[in-house]
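Secondary and tertiary structure notes
Chain by chain, the residues:
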Amino acid sequence: MTTTDLVLVDVADRVATVTLNRPEARNALNSALMRALPEAMRNVGEADEVDVVILTGADPAFCAGLDLKELGSTGGNLDSQGDERSRDWNRTFWRPIDKPVIGAVNGAAITGGLEVALQCDFLVASERAVLGDTHAKVGVIPGGGMSVLLPQRIGFPKAIQMSLTGRFLDANEALQWGLVTHVVPHDELLPFARRLAADIVGAQRHAVRTILEEYRAHALTTAGDAWDDETTRFLDFRRKAFDPANVRDPRAGH
């Protein structure tokens with residue numbers, strides 16, 4: 001199966017483990033990674049030898065979000081998300097594949113990285129995981145599904161609180177809020193995720209894929225319009241209001 005330096009793919013026992021591989025940049029989403037990840041997911045989606053996908057990051061992070069160096073210079077990675085030709089990038093990032101995706105959150109999953117995690121069907125977390133949304137602090141608005149998927153997971157009040165305050169949740173808080181389903185020791189994260197994947201592999205494939213399709217379709221019956229609204233607002237913001245000079249690192253303070 002095709003891999004790149006930016007996204008590693010390993011297949012064993014009908015489970016594909018897809019790993020974001022920019023550890024020196026905490027797996028931040030630059031333009032190249034934003035092209036490579038959907039391609040890798042499409043590949044495993046089409047692979048006959050794969051029934052379940054695990055998505056994780058190369059330590060120390062799951063994904064730190066959009067690469068702020070590129071965002072603050074050219075904004076090219078925002079264009080990758082917001083170009084009119086890829087208007088449905090956020091909704092179809094890998095949704096065309098009919099296989100369950102387990103997110104194994106091994107470290108920080110922040111802003112765009114949290115959006116990537118939220119597109120997994122469910123999340124398990126390392127004790128080192130930290131999850132947060134800093135769109136407001138960085139000076140951009142969601143364009144990858146945050147305003148749709150986060151409230152679906154944890155409810156509107158908590159989602160709004162996360163997005164407006166930019167406060168990070170540690171792994172145990174994320175478990176209490178329902179954002180992740182399990183928290184395990186760091187070294188046990190991938191083995192635990194693979195055990196869950198093996199349980200799914202052991203079920204009837206047609207039933208798994210049909211049930212998964214039902215759940216995803218039912219989620220969109222209440223959220224489909226919200227996806228369109230988010231994308232419209234994001235594209236309008238990209239054209240009229242975004243200035244790379246205004247991007248700032250939220251870790252630098254106010």
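Structure report, in brief. Numbering of residues starts from 1 in every chain and runs along the sequence as written. Only residues with pLDDT of at least 70 get local features here, since the model is predicted, and only at 80 or more are side-chain atom pairs given and counted; chain-wide, interface and lining totals rely on the full set of residues. The basis for the side-chain values is all heavy atoms of the structure; hydrogens and waters are excluded.

1. Here we look at the overall build of the chain
Helix and strand content of the chain: ten helices and nine strands. Summary of the burial criterion: residues with accessible area below 20% of their type's maximum are buried, those above 50% are exposed, and those between are partly exposed, where the area comes from a 1.4 Å probe applied to protein chains only. Among the 254 residues that make up the chain, the fraction classed as buried is 50%. In the chain, the proportion of contacts linking residues at least 24 apart, taken out of those at least 6 apart, comes to 74%. When the accessible surface of the chain is split by element, carbon and sulfur atoms take 52% of a total near 11800 Å². Think of it this way: any DSSP run of H or I at least four residues long counts as a helix, any run of E at least two long counts as a strand, and we number them from the N terminus. Contact definition: two residues touch when any of their heavy atoms are within 4.5 Å. Areas reported here follow the Shrake-Rupley algorithm with a probe of radius 1.4 Å; residue values treat only the protein chains shown as occluding.

2. Structural notes on the pairing of strand β6 (residues 122-126)
In terms of residue burial, β6 counts as a mostly covered element, since four of its five residues are buried. For two strands to be treated as a pair, DSSP must find at least two bridges joining them. Inspection of the sheet shows β6 paired to strand β9 (residues 182-184) by three bridges, in the parallel sense. Note that in β9 the partner of V124 across the bridge is H182.

3. Here we look at helix α1 (residues 31-46)
Side chains that are three or four residues apart share a direction in an α-helix, a result of its 3.6 residues per turn. Its 16 residues give α1 an end-to-end C-alpha distance of 23 Å, which sits within 8% of 22 Å, the value for a rise of 1.5 Å per residue. Those residues of α1 that fall on the buried side of the exposure criterion are S31, L33, M34, A36, L37, P38, A40, M41, V44 and G45. Working rule for helices: expected span equals 1.5 Å times residues minus one.

4. Digging into the pairing of strand β4 (residues 101-105)
Burial of β4 is extensive: five of the five residues sit out of reach of the surface. Here β4 shows no split at all, with V101, G103 and V105 on one side and I102 and A104 on the other all buried. With three bridges joining them, strand β3 (residues 52-57) and β4 adopt parallel strand pairing. Looking across to β4, one finds that I54 is bridged to I102. Summarising the sheet, β4 and β6 pair through four bridges and their orientation is parallel. Each bridged residue has a counterpart across the sheet, and for I102 the counterpart in β6 is F122.

5. Some remarks on the sheet that holds strand β1 (residues 7-12)
In space, the six strands of this open sheet follow the order β1-β2-β3-β4-β6-β9, with mixed pairing throughout. The two strands at the open ends of the sheet, each matched to only one other strand, are β1 and β9. Taking each pair of neighbouring strands and ignoring which way they run, the sheet shows an average axis angle of 20 degrees. Bridge analysis of β1 against strand β2 (residues 15-20) gives six bridges, and the strand direction is antiparallel. Across the sheet, residue V9 finds its bridge partner in β2, namely V18. Each axis is a line fitted through C-alpha atoms, and for a helix only the stretch in contact is used; angles between axes span 0 to 180 degrees, taken between their N-to-C directions.

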